[in-house]
Amino acid sequence: EVHLVEYGGGLVQPGGSLRLSCAASGFTDDDYTIGWFRQLPGKEREGIACLTNSDGSTYYADSVKGRFTISSDNAKNTVYLQMDSLKPEDTAVYYCAASPWKTLVSETYVAWGRGTQVTVSW
């Protein structure tokens, strides 16, 4: 069974940076996509970035493009989300998830981490 665990959430000041990690295990297929999603307080879950393992392709939502970077370290079975120039409106619970498809459509993701809280505030 695929297992995903997020690390790295916490409190950061506006304009600051934070790096989230997603440790993955249990994959039997080398071709998969890891996505990062977030749920803002009182809002629906939204996809913000994804990376496909086989070709390294990435996709970003407009809300984070130019500020967030998704990357992976296959030797560590880990996907990262580097978050720079953070804003108070980035405050949310952040989740990583796995999908057999190259998409940020949440319904296609078949495994999810439990989430990690990111708070951007003075």
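Notes on the structure in this doc start here. Here the structure is a predicted model, which means the values were calculated and not measured.

1. Looking at the overall build of the protein chain
When helices and strands are counted, the protein chain shows zero helices and eleven strands. Taken over the C-alpha atoms alone, the protein chain extends approximately 45 × 30 × 25 Å along its principal axes. In the protein chain, which comprises 122 residues, the share counted as buried stands at 43%. Taking the contacts inside the protein chain whose residues are at least 6 apart along the sequence as the reference set, 55% of them involve residues at least 24 apart. Taken as two groups, the 10 positive and 14 negative side-chain charges of the protein chain have centres that lie 6 Å from each other.

2. Concerning the nonpolar core
With 28 residues, the main nonpolar core has Trp36, Leu81, Met83 and Tyr94 as its most contacted residues. Membership of the second largest hydrophobic core comes to five residues, among which are Phe37, Ala97, Leu104 and Tyr109.

3. Here we look at the sheet that holds strand β1 (residues 3–7)
As summarised here, the arrangement of the four strands in space is β1-β3-β8-β7, forming an open sheet in which the pairing is antiparallel. Of all the strands in the sheet, the pair left with one neighbour each is β1 and β7 (68–73). Neighbour-to-neighbour, the strand axes of this sheet turn through a mean angle of 20 degrees, independent of strand direction. Of the pairings in the sheet, the one linking strand β3 (residues 18–25) to strand β8 (residues 78–83) comprises six bridges and is antiparallel in character. Residue pairing for β8: Leu20 is matched across the bridge by Leu81.

4. Quick look at empty space enclosed by the protein
Over the atoms, a rolled probe matching the size of one water molecule traces out where space is still vacant. This structure, assessed with the given rule, holds one cavity of 30 Å³ or more. What the largest cavity holds in volume is close to 70 Å³. Residue lining of the largest cavity: Ala24, Tyr32, Ile34, Leu51, Asn53, Ser72, Asp73, Asn74, Asn77, Thr78 and Val79, and that is the complete set. Mapped onto the lining of the largest cavity, the elements with two or more residues apiece are β7 and β8. Looking at the lining of the largest cavity residue by residue, the classes come out as five nonpolar, five polar and one charged.

What counts and what doesn't
- Residues numbered from 1 in each chain as written.
- Predicted model: local features only at pLDDT ≥ 70, side-chain atom pairs only at ≥ 80, totals over all residues.
- Heavy atoms only, no water.
- Helix = DSSP H or I, 4+ residues; strand = E, 2+ residues; numbered from the N terminus.
- Buried < 20%, exposed > 50% of the residue type's maximum accessible area, 1.4 Å probe, protein only.
- Contact = heavy atoms within 4.5 Å.
- Lys, Arg positive; Asp, Glu negative; His and termini not counted.
- Charge placed at Lys NZ, Arg CZ, Asp CG, Glu CD.
- Core = buried A, V, L, I, M, F, W, Y, C linked by side-chain atoms within 4.5 Å.
- Pairing = 2+ DSSP bridges.
- Axes fitted to C-alpha atoms, helices over the stretch in contact; angles between N-to-C directions.
- 1 Å grid on protein atoms, 1.4 Å probe; cavity = no way out; pocket = protein on both sides within 12 Å on 5 of 7 lines; lining within 4 Å.
- Points joined across faces, edges and corners; volume = space filled by probe spheres on them.
- Nonpolar A, V, L, I, M, F, W, Y, C, P; charged D, E, K, R; others polar.

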